[in-house]
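Here's the letter readout for the chains.
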Amino acid sequence: MTLTAPETPAGPRQARPKPAAPPRRPGPARRTWQKVSPYAYVAPFFTLFAAFGLFPLIYTAFVSLYRVELQTPGDMEWRGLGNYTALFGDAYFWTSLRNTFTIGVLSTVPQLVMALGLAHLLNYRMRGRTFLRTAVLLPYATSVAAATLVFAQLFGRDFGLINYALGLVGVDPVDWQNGTVASQIAVSTVVVWRWTGYNALIYLAGMQSIPDELYEAAAMDGASRWRQFFHVTLPGLRPTILFTVIVSTIGATQLFGEPLLLEGSISGGISHQYQTLGLYMYEQGWGFFHLGRAAAIAWVMFLLIVVLVGLNALVARRRSRKEAGR
């Protein structure tokens, strides 16, 4: 007798999976858009830059080669480099260039040093830290006209608060608007007051990006707060310091509002003692109506900024190489 296993009913046949269809190739229009889309995203910036940055720069260089008067801007007489030679032969140009450099140094150096110290204090944990960080930005948010008019009253010769305070300690009144050094100090004070808090917040952001482990390691090695500041904070802030130096140099070269509103004169005082390149350009273009010469001054300022920024970058790069080779 043979035993046979019972037959099990066959289940339903499972359908064989169909092979995956090959990916569809994008059409010509889609392939073209994939190639063009990155340029389309950045096109608005370059369009605005070409319209409001590059074109005025090139057109200013074009106008600087002609004699153009403000009353008749359509009448252009070719001068070549005549505007530049007349510019370099003008004693007031060299005075304004010297004043720009002096006021730039008097405003930039104290401003960045004070901003660095202020940022170092704001980096500590203290009560009201958020309020103080906001308060240091208020001078930057203040109108340059309002700030300069207030400082013009403070630096008044007869009734100014600064001379009153100096008189309390036995110092004679200072003519802040007619003296050469005094007027440049007054202009620099306005610039320092407006921009110190702005640079302090930039330094504060740079300090917060420095790892805490570096400070902990320095503290374990017995470094004091001052040694930590000089050997940890300053090296970590080197790119930030370079950025603020470059931006402050550009701002000092283009200084215009503060010296204009201190006395309300485009000549920068009786003897042009605090007339900057910006004021000199305005005086030539809108005071004497020489638009061609004003355009030449604008290009000289542009080239001066390029040279100064290049020198700052070169000095910073050489110093970085020296420290890397140690």
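The model shown is predicted, which means the values in this text are computed figures rather than measured ones.

Draft legend 1. Structural detail: the pattern of salt bridges. Per the stated rule, a full pass over the model turns up three salt bridges. Salt-bridge contacts for E77 lead to R67; the nearest nitrogen and oxygen are separated by 3.5 Å. Separated by ten residues along the polypeptide, E77 in strand β2 (residues 77-78) and R67 in strand β1 (residues 66-67) bring together distant segments of the chain. Residue classification places E77 among the partly exposed positions, given a relative accessible area of 45%.

Draft legend 2. Representation of a nonpolar patch on the surface. Taken together, W33, V36, Y39, Y41, V42, F45, F46, F49, L54 and I58 make up a surface patch of nonpolar side chains, about 1,100 Å² in accessible area. Structurally, F46 is set in helix α1 (residues 28-63).

Draft legend 3. Broad picture of the nonpolar core. With 13 residues, the main nonpolar core has I103, F155, V187, L255, L262 and Y274 as its most contacted residues. Contributions of two or more residues to this core are made by α6 (144-154) and α8 (180-208). Residue contributions to this core peak at five residues, all from α8. Among residues more than four places away in sequence, those in contact with I103 are Q184, V187, S188, L255, Y274 and T276. Among the nonpolar cores identified, the runner-up in size contains twelve residues, and A115, Y203, L204 and M207 belong to it.

Draft legend 4. Region of the structure containing the side chain of E283. As for its placement among the helices and strands, E283 is situated in helix α13 (residues 277-287). Put simply, E283 is tucked away with no salt bridge, and the nearest opposite charge, on R293, sits 9.1 Å away. Side chain to side chain, E283 and Q275 meet in a polar contact 2.9 Å long. The residues contacting E283, other than those within four sequence positions of it, are I266, S267, H272, Q275 and F288.

Draft legend 5. Just unusual backbone geometry, in detail. Although it is not a glycine, H272 sits at a positive phi angle of roughly 60°. Tracing the chain through its elements places H272 in the loop between α12 (257-263) and α13. Take H272: its relative accessible area is 9%, and that puts it in the buried class. Phi angles above zero are rare outside glycine, and F289 is one such case at about 65°. Note that F289 resides in the loop between α13 and α14 (291-324). What makes F289 partly exposed here is its relative accessible area of 32%.

Draft legend 6. The confidence of the model for the chain, seen in detail. On average, residues of the chain score 86 in pLDDT, and 90% of them are at 70 or above. Mean pLDDT in the chain bottoms out at helix α4 (residues 129-135), which sits at 82, and peaks at β1, which reaches 93.

Draft legend 7. Expanded view of helix α3 (residues 91-122). In this model, α3 (32 residues) spans 46 Å end to end at C-alpha, consistent with the 46 Å of a helix rising 1.5 Å per residue. The distance from a side-chain oxygen at the start of α3 to the backbone nitrogen of Y92 is 3.2 Å, and the residue carrying that oxygen is D90.

Draft legend 8. Quick peek at the packing of helix α9 (residues 212-220) against helix α10 (residues 225-236). Contact geometry of α9 with α10 gives a least axis separation of 10 Å together with a crossing angle of 145°. The crossing of α9 and α10 is right-handed. The residues of α10 that touch α9, namely those facing L214, Y215, A218 and A219, are Q228, V232 and T233. Class assignment for the residues of the contact of α9 with α10 results in five nonpolar, two polar and no charged.

Draft legend 9. Local environment of helix α11 (residues 238-253). With 16 residues, α11 ought to run about 22 Å at 1.5 Å a step, and its terminal C-alpha atoms sit 23 Å apart, in line with that. Of all the positions in α11, only T240, T244, I246, S248, T249, A252 and T253 are classed as buried.

Draft legend 10. Representation of the environment of I202 in the model. Relative to the helices and strands, I202 resides in helix α8. Taking the C-alpha atoms as reference points, I202 and A119, 83 residues apart in sequence, are found 8.3 Å from one another. For I202, the contacting residues outside a window of four places in its chain are T240, F243 and T244.

Draft legend 11. Local environment of the packing of aromatic side chains. For the structure on display, the rule yields 22 aromatic pairs. Ring plane angle 90° and centroid distance 5.4 Å describe the contact between W195 and Y198, whose orientation is recorded as edge-to-face. Taken together, the positions of W195 and Y198, both in helix α8 and three residues apart, correspond to about one turn of that helix. Joined through ring pairs, the aromatic side chains of F55, Y59, F62, Y66 and W78 make up one cluster.

Conventions used here
- Residues numbered from 1 in each chain as written.
- Predicted model: local features only at pLDDT ≥ 70, side-chain atom pairs only at ≥ 80, totals over all residues.
- Heavy atoms only, no water.
- Salt bridge = Lys/Arg side-chain N within 4 Å of Asp/Glu carboxyl O.
- Helix = DSSP H or I, 4+ residues; strand = E, 2+ residues; numbered from the N terminus.
- Buried < 20%, exposed > 50% of the residue type's maximum accessible area, 1.4 Å probe, protein only.
- Patch = residues over 30% accessible without salt bridge, like charges linked within 9 Å, V, L, I, M, F, W, Y side chains within 5 Å.
- Areas by Shrake-Rupley, 256 points an atom, 1.4 Å probe, with all protein chains shown as cover.
- Core = buried A, V, L, I, M, F, W, Y, C linked by side-chain atoms within 4.5 Å.
- Contact = heavy atoms within 4.5 Å.
- Lys, Arg positive; Asp, Glu negative; His and termini not counted.
- Polar contact = N/O pair within 3.5 Å; in protein donor to acceptor, adjacent residues only side chain to side chain.
- pLDDT = per-residue confidence, 0-100.
- Expected span 1.5 Å × (residues − 1).
- Axes fitted to C-alpha atoms, helices over the stretch in contact; angles between N-to-C directions.
- Left-handed = near helix turned anticlockwise from the far one by under 90°.
- Nonpolar A, V, L, I, M, F, W, Y, C, P; charged D, E, K, R; others polar.
- Phe/Tyr/Trp six-rings, centres within 6.5 Å; stacked < 30°, edge-to-face > 60°.

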